[in-house]
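Residues per chain, in single letters:
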2 protein chains.
Amino acid sequence: MKRINFCAGPAILPPSVYKQAAEAVVDYKGLGLSLLEISHRTDWFDEIIHGARGLVADMMQLNDDYDVLFLTGGASSQFALVPFNLLPTNGTACYIDTGRWSDKAVKEAKLFGNVKVVASSAKEGYKHIPKNFELGTDCTYLHLTTNNTVSGTQMHQLPEVQAPIVADMSSDIFSKPMDGKDYGLIYAGAQKNVGAAGTTLVVIRKDLLGKVQRAIPTMLDYRTHIKHLSLFNTPPVFPIYCCYLTLQWVQAQGLETIAANNKAKADLIYNEIDRNGLFTGYTALADRSLMNATFVCTNPDLESTFLQTLEEAGCIGLKGHRSMGGFRASMYNAMDIAGVQVLVDVMQEFERKLG
Amino acid sequence: MKRINFCAGPAILPPSVYKQAAEAVVDYKGLGLSLLEISHRTDWFDEIIHGARGLVADMMQLNDDYDVLFLTGGASSQFALVPFNLLPTNGTACYIDTGRWSDKAVKEAKLFGNVKVVASSAKEGYKHIPKNFELGTDCTYLHLTTNNTVSGTQMHQLPEVQAPIVADMSSDIFSKPMDGKDYGLIYAGAQKNVGAAGTTLVVIRKDLLGKVQRAIPTMLDYRTHIKHLSLFNTPPVFPIYCCYLTLQWVQAQGLETIAANNKAKADLIYNEIDRNGLFTGYTALADRSLMNATFVCTNPDLESTFLQTLEEAGCIGLKGHRSMGGFRASMYNAMDIAGVQVLVDVMQEFERKLG
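What you are looking at is a predicted structure, and each value in this text was computed from that prediction instead of being measured.

Let's talk about the domain arrangement of chain A
Many authors give the size of an interface as the accessible area that is lost as the parts come together.
Residue and element names in this part refer to chain A.
So, point 1. Split into domains, chain A comes out as domain 1 (5-9 + 254-354) and domain 2 (15-253).
So, point 2. Of note, the centres of domain 1 and domain 2, computed from C-alpha atoms alone, are 27 Å apart.
So, point 3. At the interface, 30 residues of domain 1 touch 32 residues of domain 2.
So, point 4. Buried surface at the junction of domain 1 and domain 2, both sides included, amounts to about 2,300 Å², of which 55% is carbon and sulfur.

What follows is the structure, given as structure tokens:
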């Protein structure tokens, strides 16, 4: 049975990526070598990593003030690396708390300097994105999470602030056109819209570095990786190759087309959630995520039956985050509208059966 | 042309691993899903990661005092994580300096506490493993590198010391039978004998933790990963799967058999280096590595011609480390003796042509 994967991450990738990646594992470009045994010090890998870096720079419209790195450790590591590298001990970083991941980022930053949570929707179950806040004059950077996979909200407009914006874009990067120059630093675990689990994209405006006094271990210092063009030590070769393939696919589609497709998929599922009396959306309408649609059964007793119905239809990964319950349909770039239509059909069939 | 890969890492893996890994990228176990899109929160991935952890524990004869983690960031990150987690600010860590990687480990440790380099062969070009040293009574741990890929030396006997041994075994782990209980902590980048680049194996005796006062960021704290069974955040799914496959292969071969094969391969190449007047071995005989054989052309003018001859014969990755020059034949577990024989044949043919 072909399954349709609505998982929040690791998540569905374009079918062409699976095909090309599998071929590379057997024999990379007819070299008589598997990609898995290719040294990162070869011209073969240079083409991959610098190709991937170039695609990111191109699609984000970056200039030479910025560098593009493929690191490891996931966004969870960046929660600490950002303040480790950017926040002076006596400096103040501002954070917008829009969910589980923002909150984790706040906790790590507190190890390094002063942290001001300027806005939070925690008390309202993270159902909306708070929009009114003051940074004050002493803000080293403003950290925000552009899309919240757990509650299913998304920041559709970037706040206008003086401070450099540090954005965790793990779950909506490259889901629409963007200008990287709006940001001081961007990070994103690869395993949603960028590629395979095992590498983390970091885009950084270089003038933000070198302003802290603390000693930073070599591997945790962004300057190490900038200096060595993301090749200081052995990088995760295969995950980066999957990013290169996925980014090629994104560029071939075009971010405008991808954005239109994402809008169409989100409209399809949210219209059904709103129409179908068996289901209720979780978040505020204005802040609904185009990547992760969260909803519950209006009658909670039906949830396990509906989950089973989904599984039988081959729709997997729809169980809500363990901290939330309910359902979550993740619809990253590589999910096509036909996949979302299958889900909607299941919801409508479920309604008919119970109607 | 089928190439034979003598690269120091990422390095050759068993052919069965390439085959199984490629199949999993297309369709994992007939699930209708690529391994690349499978969530780390599924039973499917549980089987992989806990299977891999179990194989390590089994082959290292570990008991419950130990935990097995698959982390990221390579051995280079462990250079910092080890003292971050183990070395109190007023404690003293002892290091044996046997090469480039030991030296890097020393530099990172100095950020966290006192470091005593108790022995070093740096002044002799790291041609041998120093064996006489005193730790003193205040040694928190002794750090050593069991195999040195750059100069081509290997520690064939573990020193007998009271302090817990912390070993960077990146390049000779699972190359012979071992008892993990001889160590306080073991780390190894996967990309030689464990699997594909992108994950780092860490084996740790848990009672060594919790003795430092400093705040440790969540992702850099070994206790986080122990508590969450190596599943705190999204791990590098595909690299860990490659480890699982490779470890299964290692166990099926048996460490005794692997050790015998490694000995036979090393004998074959070193005998030729010693017999053939065109070549000279680099290291002290007693400390020669069974994983990486380093040698030079007795007449340095011949090196570029010999390198070209190797490439034409399909033998790649033999250029010595950029800090060393000369040649390096890496012969990890997955290299079979037929591969080494091809290299020896090329050396003999080169001798005949110039004779």
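Anyway, onward from the coordinates.
What about the relation of the copies chain A and chain B?
So, point 1. Each copy of the sequence occupies a distinct position, and chain A is placed on chain B by a rotation of 180° and an axial shift of 0.0 Å, giving an RMSD of 0.0 Å. Put plainly, the chains are arranged around a two-fold axis. For chain A, the minimum C-alpha distance to the rotation axis belongs to Ala-22 of chain A and amounts to 2.2 Å.
So, point 2. The fraction of interface residues of chain A whose copies in chain B are also interface residues reaches 100%, indicating that both copies meet through the same surface.

Re the environment of Ser-289 of chain B
Residues and elements named next belong to chain B.
So, point 1. Examined against the element boundaries, Ser-289 turns out to sit in the loop between strand S11 (279-281) and strand S12 (292-297).
So, point 2. Along the primary structure Ser-289 and Ser-304 are separated by 15 residues, whereas in three dimensions their C-alpha atoms are 24 Å apart.
So, point 3. Contacts of Ser-289, omitting those with residues within four sequence positions, involve Asn-147, Gly-152, Thr-153, Gln-154 and Tyr-270.
So, point 4. Polar side-chain contacts of Ser-289 include one of 2.6 Å to the side chain of Asn-147.

Quick notes on empty space enclosed by the protein
So, point 1. Taken as a whole and judged by the stated rule, the model has three cavities of 30 Å³ or more.
So, point 2. Estimates place the volume of the largest cavity at around 40 Å³.
So, point 3. Tallied by class, the residues present in the lining of the largest cavity amount to six nonpolar, three polar and one charged.

What to know about unusual backbone geometry
Most peptide bonds take the trans form, and the phi angle of most residues other than glycine is negative.
So, point 1. Cis geometry marks the peptide bond from Gly-9 of chain A to Pro-10 of chain A; its omega dihedral reads -10°.
So, point 2. Looking at the element boundaries, Pro-10 of chain A is found in the loop between strand S1 (4-5) and helix H1 (15-26).
So, point 3. Here the phi dihedral of Tyr-126 of chain A falls at roughly 55°; this positive angle occurs in a residue that is not glycine.
So, point 4. Of note, Tyr-126 of chain A is situated in the loop between strand S4 (114-120) and strand S5 (139-145).
So, point 5. Even without a glycine there, the phi angle at Gln-61 of chain B is positive, about 55°.

A short note on the sheet that holds S5 of chain A
Residues and elements named next belong to chain A.
So, point 1. Sheet architecture is open: seven strands sit in the order S2-S10-S9-S8-S5-S3-S4, paired in mixed fashion. This sheet does not close on itself; its edge strands, each paired only once, are strand S2 (66-71) and S4. Neighbouring strand axes in the sheet, compared pairwise and without regard to direction, differ in orientation by 15° on average.
So, point 2. Pairing between S2 and strand S10 (residues 200-205): six bridges, direction antiparallel. In the strand pairing of S10, Leu-71 is matched with Thr-200.
So, point 3. In the packing of helix H3 (residues 74-86) onto the sheet, the strands contacted are S2, strand S3 (92-97), S5, strand S8 (165-168), strand S9 (185-189) and S10, and the crossing angle to S9 comes to about 160°.

What to know about the state of the cysteines
All names here are of chain A.
So, point 1. Per the counting criterion, the structure on display carries zero disulfides over all chains.
So, point 2. In this model Cys-243 remains outside any disulfide bridge; the closest cysteine sulfur is found in Cys-242, 7.1 Å from its own.
So, point 3. Judged by its relative accessible area of 0%, Cys-243 is buried.

Some points on the sheet that holds strand S5 (residues 139-145) of chain B
What holds strands together in a sheet is hydrogen bonding between their backbones, with the strands either parallel or antiparallel.
Residues and elements named next belong to chain B.
So, point 1. An order of S2-S10-S9-S8-S5-S3-S4 is seen for the seven strands of this open sheet, with the pairing classed as mixed. Looking along the sheet, the strands with just one partner apiece sit at the ends: strand S2 (66-71) and strand S4 (114-120). Between one strand and the next, the sheet's axes are offset by a mean angle of 15°, whatever the strand orientation.
So, point 2. Sheet analysis places strand S8 (residues 165-168) next to strand S9 (residues 185-189), joined by three bridges and oriented parallel.

Remarks on the pairing of strand S14 (residues 327-330) of chain A
Residue and element names in this part refer to chain A.
So, point 1. Taking every second residue as pointing to the same face, both faces of S14 are buried, with Phe-327 and Ala-329 on one and Arg-328 and Ser-330 on the other.
So, point 2. Sheet topology note: the strand S12 (residues 292-297)/S14 ladder contains four bridges and is antiparallel. Note on S14: the bridge partner recorded for Phe-295 is Phe-327.

Re the interface of chain A and chain B
So, point 1. Between chain A and chain B, the contact holds 58 residues from the first and 58 residues from the second.
So, point 2. Overall, the association of chain A and chain B removes approximately 4,200 Å² of surface from exposure, summing both partners, and the carbon and sulfur fraction of that is 64%.
So, point 3. It is Tyr-18, Leu-36 and Glu-37 of chain A in chain A that bury the most area against chain B; as a group they hold 15% of the surface buried on that side.
So, point 4. At the junction of chain A with chain B, the criterion picks out zero salt bridges.

Regarding the nonpolar core
So, point 1. Judged by nonpolar contacts, the single largest core of 191 residues is most densely connected at Phe-174 of chain A together with Phe-174 of chain B.
So, point 2. Once residues lying within four places of it in the same chain are set aside, the contact partners of Phe-174 of chain A are Val-56, Met-59, Met-60, Val-194, Leu-201, Leu-247, Val-250, Leu-255, Ile-258 and Asn-333 of chain A.
So, point 3. Listed in part, the 59 residues of the second largest apolar core include Ala-80, Val-82, Phe-84 and Ile-204 of chain B.

Considerations on helix H9 (residues 337-354) of chain A
Residues and elements named next belong to chain A.
So, point 1. Taking 1.5 Å of rise per residue, the 18 residues of H9 would be expected to cover 26 Å, and the 26 Å separating its terminal C-alpha atoms lies within 8% of that figure.
So, point 2. Among all positions in H9, only Gly-339, Val-340, Leu-343, Val-344, Val-346, Met-347 and Phe-350 are buried. With its buried residues spanning 150° around the axis, H9 presents them on a single face. Opposite the packed face of H9, turned more than 90 degrees from it, sit the exposed residues Arg-352 and Lys-353.

Cut-offs used in this document
Residues numbered from 1 in each chain as written. Chains lettered and ligands numbered in written order. Predicted model: local features only at pLDDT ≥ 70, side-chain atom pairs only at ≥ 80, totals over all residues. Heavy atoms only, no water. Domains from an automatic or database assignment. Contact = heavy atoms within 4.5 Å. Buried area = accessible area lost by both parts, 1.4 Å probe. Least-squares fit on C-alpha atoms with pLDDT ≥ 70 in both. Helix = DSSP H or I, 4+ residues; strand = E, 2+ residues; numbered from the N terminus. Polar contact = N/O pair within 3.5 Å; in protein donor to acceptor, adjacent residues only side chain to side chain. 1 Å grid on protein atoms, 1.4 Å probe; cavity = no way out; pocket = protein on both sides within 12 Å on 5 of 7 lines; lining within 4 Å. Points joined across faces, edges and corners; volume = space filled by probe spheres on them. Nonpolar A, V, L, I, M, F, W, Y, C, P; charged D, E, K, R; others polar. Pairing = 2+ DSSP bridges. Axes fitted to C-alpha atoms, helices over the stretch in contact; angles between N-to-C directions. Disulfide = S-S within 2.5 Å. Buried < 20%, exposed > 50% of the residue type's maximum accessible area, 1.4 Å probe, protein only. Salt bridge = Lys/Arg side-chain N within 4 Å of Asp/Glu carboxyl O. Core = buried A, V, L, I, M, F, W, Y, C linked by side-chain atoms within 4.5 Å. Expected span 1.5 Å × (residues − 1). Arc of directions from axis to C-beta.

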